[in-house]
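# Reading the structure
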Amino acid sequence: MKITVSSTGLSALDRPRMPMIALVVFALALAVFFVFPDRLSLAAYIGIFALFALSLDLALGMAGIVTLGHAAFFGVGAYTAGWLALAGWQEPITGVVISGLCAAALAGALGPFILRLTGLPLVMVTLAVGVFLFEAANKLTWLTGGDDGLYGMTFSPVLGIFEWSIYGTTDYLYVLAWLALAFYGCHRLTTSNFGLALRGVRENRLRMSLLGSSVLAQLTLAYALSAFIAGVAGALLAQTSEFVGLEVLSVEKSIDVLVILVLGGVGHLYGALLGAPVYLLIKDMSKEWNPHAWMIIIGFMLVFVMLVARGGIHGVLHKVIERSRGKLPNGEPR
Amino acid sequence: MFELKRKLAAFAAVTALVVGLPVTAGAQDQIKVGILSHDTGPFAQNGRGFHRGIEVYQALHGKSAGGREIEFVYRDIGGPNPAVGKRLAEELIVREKVHILGGFALSSEALAVGPIVEQTKTPAITFIASSPSVLAGSQYFLKSGQHIAQSSSAGATFARKQGAEKCYIVVSDYQPGYDAQKAFRKTFESAGGQIVGEVRVPLNTVDFAAIVEGIASTETDCINVFVPPGAPAIGLLRALAERGLVESNFVVGMGEAEDHILPQYDDSVVGFKGALYYAEALDNEENKTFIAKLKELYGPDTQPDFASASAYDGAHLIYEMVKSQEGKDWSGPDAVEAVKGLSWNGVRGPMKIDPETRELVQNIYLREVQKVDGKLQNAIVDQLEAVEAPSKEWMEN
């Protein structure tokens, strides 16, 4: 059997530098800052979800860890950032890093146990972990505020210079900076030997272990890295909204982020960047137009992606660009 | 690649033009009110009440007050999501340039929005959010709903008045449930009653057989419930009735069996009581006008509920705030100051804003489900007048 490393944009392996298109995407994101100055809180929110989807892509797309409980790490990150601020640690950047580390620690502790599973059992166990944390947060009202949420926190200006405001200017640039950093990190990761090993595990776990690769350790590390980014995203949500609601741990959050990633394209780093704006913009625009329509639109888009465009938005764009260059897509999965 | 970039640039330029065009702001002659609502998701019933209450008020009182036109802008939060609520509030203030915020079905939404309300000095009126901590979020928060303990404590007072001695409490396992449980217990015990059992059930429980069995094996003459309307409430009341507990006990809740949800119940709900700040059967001028207009606008089968009643009274409060600023430049803080201490007759009867705490002083009604001419409906069997919200200290100890 010939091993074909598919769908992860192997071409990136040949070019370890950031491809041109990443710069275009981030230039566009930066342009949003000037073009839509009154929509920056929405833009920041989208950025946070792109980051969250990126973290899921690392687990699901790269390492093949099928999970329905990723909101657990998002939520742990958000609550940690909230608790830190309430305890007096109001410096945002270190707050984000500590929150990410807490989420990673949780994943590191869980990984060796749950990552032995694959397929449906893995889905069920990750779901159970998510539900358990949600219920625990609901019950521990003295710690989390329960259903009322955690409130009353303030954060000091970013780098001591950039004040937070309701216009979302600081929020957006701050989120964008984290997103760019995480994206660069993920890009380096997927083009590294470790990334290649992960892809091997995803494609054929048994073969990788026969090759002498320590599969469980690699998966746990990938899971922890993914959780770190999810925790960062959660912490950013807590800092930009100065509030942590119970919904950060909800199963719906886990599903939302999965839908975002599937729409954008699983296994491509750009999938997360493309899925989040499409999903959340449709949701937001339909709210002003007809709130009942957005589920229908998203539903049809999901059906479309499942039936004819397996690679999601990224897959479609990729094909269009390749065609326009006169190249036929090679090695693209059907 | 180049092609794509050029197209994207053109696209960005066009969108910028389209979006940038409508920047004509009617600064002084119009007051915009942003309503944080729920048009989709599990709280859509409340959102529909918000729309209806406000629309009925506008149909009856016109679309302007104090020389200014009043426009309502709605935003759908679409589920329990305070972070989205906060973002929508920011957008309403930054983009829509609203002068007043309203809505807030959930306390968590009000708590999340609190810092922006405080920062931008935007008056905000919570229609339903009834957590004790809501008003502490900002000095510009006002209420047209209730403090949860007003109804809960009143339930305990009613129970004692009817001679109940031993009470069992069943609440949903979340923050509002804890608040309701605490207020009921404190009031019941301080009035000389005894709490013989308390249980918290998971939020989405629909099968209450085991819990009801536990109650039946305890000697009780009163059962206090606080569960969300819908499947959980129906499940609990049916289970209580099957065990014969609705007949043998004084069963009191809050909004579990409003008139508009009664068609979902069977006759087992007869005898259930609810203590609440609004009752459909209220026989006052405002309520009769309100219900008549509601039925005219949305059809003869339309029933009022506490959400639409709160929105109606909230709309009145908004109109009063706008009137207070007639002939002056709009100032949110001044408008809030002007309505502190205001008293008026709402659809719920006489109500007053306590100038110190900003909580409402209002009547609490004891409603009982009865069967009249083969139809289930709530009748008012007792009422407590001018009930004040308890202090923060009372709630905490």
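So, a few notes on the structure that sits alongside this text. (Residues numbered from 1 in each chain as written. Chains lettered and ligands numbered in written order. Predicted model: local features only at pLDDT ≥ 70, side-chain atom pairs only at ≥ 80, totals over all residues. Heavy atoms only, no water.)

## As for the environment of Leu236(B)
Residues and elements named next belong to chain B. Its place among the elements puts leucine 236 in helix H8 (residues 231-242). The exposure class assigned to leucine 236 is buried, which follows from its relative accessible area of 0%. With 30 residues separating them in the primary sequence, leucine 236 and valine 206 have C-alpha atoms 7.0 Å apart. Excluding residues within four positions of it along the chain, leucine 236 makes contact with Val170, Phe208, Val212, Val225 and Val227. (Helix = DSSP H or I, 4+ residues; strand = E, 2+ residues; numbered from the N terminus. Buried < 20%, exposed > 50% of the residue type's maximum accessible area, 1.4 Å probe, protein only. Contact = heavy atoms within 4.5 Å.)

## Observations regarding the sheet that holds strand E6 (residues 141-143) of chain B
Residue and element names in this part refer to chain B. With mixed pairing, six strands are arranged side by side in an open sheet as E2-E3-E1-E4-E5-E6. The outermost strands of the open sheet, each flanked by one partner alone, are strand E2 (64-65) and E6. In this sheet, strand E3 (residues 68-76) lies alongside E2 in antiparallel orientation, the contact comprising two bridges. Bridge assignment links alanine 65 to a residue of E3, and that residue is arginine 68. Against the sheet, helix H11 (residues 306-324) makes contact with strand E1 (30-37), E2, E3, strand E4 (100-103), strand E5 (124-126) and E6, and its axis sits at roughly 140° relative to E3, the strand it touches most. (Pairing = 2+ DSSP bridges. Axes fitted to C-alpha atoms, helices over the stretch in contact; angles between N-to-C directions.)

## A short note on the nonpolar core
Membership of the largest hydrophobic core comes to 191 residues, with the highest contact counts inside it found for Leu51(A) and Leu101(B). A per-element tally of this core places helix H3 (residues 40-62) of chain A first, with 18 residues. Residue contributions to this core reach at least three from each of two domains, namely domain 1 (30-146 + 284-358) and domain 2 (149-276 + 364-396) of chain B. Not counting chain neighbours up to four residues away, the residues in contact with Leu101(B) comprise Gly34(B), Ala89(B), Leu92(B), Ile93(B), Val113(B), Val117(B), Thr122(B), Pro123(B), Ala124(B) and Ile125(B). Membership of the second largest hydrophobic core comes to 27 residues, among which are Val170(B), Val212(B), Val227(B) and Leu237(B). (Core = buried A, V, L, I, M, F, W, Y, C linked by side-chain atoms within 4.5 Å. Domains from an automatic or database assignment.)

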